[in-house]
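Okay, here's what each chain looks like letter by letter:
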Amino acid sequence: MTFRKYLVLVGVMFFGSVGDALLSRGMKDVGSISLNNLATVILSVINPWVALGILFLLVFFAAYTTALSWADLTFVLPATSIGYVVLTLIAKFYLHEQVSVMRWLGIVLISAGVGFVTRGPALTPAPENKIDVPETVSQAVQQ
Amino acid sequence: MKHVYTWGAITAIVLASVAGDILLARAMKQIGDVGALWRKSGLFAVVGNMLRHPLFLLGIVALACAFFSLLFGLSWGDVSLVAPASASLTFVGNAVAAKFFLHERVDRRRWTAALLVAAGVALLAM
């Protein structure tokens, strides 16, 4: 893992969690969506919070697909879940929200999970492409 | 009834997210290291390769379904239930699906990580 790759993982973490937060802020303005009025879903992208959230999620998507091109899915997902921890810490120290004991316990579990997975290999080694061809067959092919 | 709608949306989010993640991961492995490809052939080649890959496009469709299910879910239920519940179930679903469909080596370390993160995300909702 190079520094550039760690930077990509940080990008996945940051833009994903902030993008989700922006979306949920915007959907509170839009209000309940009825199945009879599906146009509201499409129109919800006009809301500036939703639009900014979508922009953040596009950057998240670019970083995410880049990470998936050189690391396993089961590595990328837990490794970038530290974003939940960062969001809770922002909520506690910048937004002065009350963070319960259960939430602190959740943070400990997520951090432990991230610690576990990032100490292992990022990619499953590709299987050997060598196919055992019986000698008689390979001789027949050569002839 | 709203409760049923909320959990229906959560189920839809999880199924669509897992399908999308698996399809994208498969496509990106076949395309290869994006950084190396970018240096060699430029950004347009990278974007072109991705947009021409059928699995990538299918993955986008699945993730779009997950996105709209999330919008529905957020409008029906509390964000503190919908977001952590769908995220933690997606973690576990992805670990199972990656083992069977992507043949990733999901060893004890990765299972533990997926379960710890899923449990942690669920606790954040409390």
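Rules and cut-offs
- Residues numbered from 1 in each chain as written.
- Chains lettered and ligands numbered in written order.
- Predicted model: local features only at pLDDT ≥ 70, side-chain atom pairs only at ≥ 80, totals over all residues.
- Helix = DSSP H or I, 4+ residues; strand = E, 2+ residues; numbered from the N terminus.
- Buried ≥ 20, exposed ≤ 12 C-beta atoms within 10 Å, placed from the backbone.
- Contact = placed C-beta atoms within 7 Å.
- pLDDT = per-residue confidence, 0-100.
- Expected span 1.5 Å × (residues − 1).
- Core = buried A, V, L, I, M, F, W, Y, C linked by C-beta atoms within 7 Å.
- Nonpolar A, V, L, I, M, F, W, Y, C, P; charged D, E, K, R; others polar.
- Axes fitted to C-alpha atoms, helices over the stretch in contact; angles between N-to-C directions.
- Parallel < 35°, antiparallel > 145°, perpendicular 65-115°, else oblique.

Further remarks concern the overall build of chain B. Helix and strand counts for chain B stand at 6 helices and 0 strands. For chain B, the N- to C-terminal ordering of α and β elements is α-α-α-α-α-α. Considered along the principal axes of its C-alpha atoms, chain B spans approximately 50 × 35 × 20 Å. Within chain B, the proportion of its 126 residues that are buried is 48%. Of all intrachain contacts in chain B linking residues separated by at least 6 positions in sequence, the fraction that spans at least 24 positions is 76%.

Assigned secondary structure in chain A consists of 7 helices and 0 strands. Each of the 143 residues in chain A was classed as buried or not, and the buried ones make up 37%. Put simply, of all contacts in chain A between residues at least 6 apart along the chain, 74% involve residues at least 24 apart.

The next point concerns the confidence of the model for chain A. All names here are of chain A. Looking at chain A, the pLDDT average stands at 78 and 81% of residues meet or exceed 70. Within chain A, helix H3 (residues 48-70) carries the highest mean pLDDT (91), whereas helix H7 (residues 135-142) carries the lowest (47). Long-range and interchain partners of residues 130-139, a stretch whose pLDDT sits below 50, account for 1 contact in this model, where long-range means more than four residues apart.

Looking now at helix H5 (residues 79-101) of chain B. Here H5(B) contains 23 residues, and its C-alpha end-to-end distance of 31 Å stays within 8% of the 33 Å for a straight helix at 1.5 Å per residue. Positive backbone phi, approximately 55°, marks His103(B), located one or two places after H5(B).

What follows concerns the nonpolar core. Counting residues in hydrophobic clusters, the biggest one holds 71 residues, and the most contacted among them are Val12(A), Ala67(A), Leu68(A), Val76(A), Ile110(A) and Val117(B). Setting aside residues no more than four positions away along its own chain, Val76(A) makes contact with Val12(A), Ala67(A), Leu68(A) and Ala71(A).

What follows covers the interface of chain B and chain A. Across the boundary between the two partners, chain B contributes 38 residues, which contact 37 residues of chain A. For the side of chain B that touches chain A, the leading source of residues is helix H6 (residues 108-124) of chain B, giving 12 residues. Considering only residue class, the side of chain B that touches chain A consists of 26 nonpolar, 6 polar and 6 charged.

The phi angle at His103(B) is positive, at roughly 55°, despite the residue not being glycine. Looking at the secondary structure, you find His103(B) in the loop between H5 and H6.

Another point: H3(A). The terminal C-alpha atoms of H3(A), which comprises 23 residues, lie 34 Å apart, in line with the 33 Å expected from a rise of 1.5 Å per residue. Listing the buried residues of H3(A) in full gives Val50(A), Gly53(A), Phe56(A), Phe60(A), Ala63(A), Tyr64(A), Thr65(A), Thr66(A), Ala67(A), Leu68(A), Ser69(A) and Trp70(A).

What follows deals with the packing of H5(B) against H6(B). Residue and element names in this part refer to chain B. The contact between H5 and H6 brings their axes to 8 Å, and the two run at 170°. One way to sum up the angle between H5 and H6 is to call them roughly antiparallel. Here H5 contributes Pro-84, Ala-87, Ser-88, Phe-91, Val-92 and Ala-95 to the contact with H6, which in turn contributes Arg-110, Trp-111, Ala-114, Leu-115, Val-117, Ala-118, Val-121, Ala-122 and Leu-124. Residue composition of the contact of H5 with H6, by class: 13 nonpolar, 1 polar and 1 charged.

What follows covers the confidence of the model for chain B. Note: predicted coordinates in regions of low pLDDT should not be interpreted at a detailed level. Residues and elements named next belong to chain B. Per-residue confidence for chain B gives a mean pLDDT of 87; residues scoring 70 or more make up 98%. Within chain B, the element-level pLDDT minimum falls on H5, averaging 84, and the maximum on helix H1 (residues 2-31), averaging 91. What the predictor reports for the complex is a pTM of 0.77 with an ipTM of 0.82.

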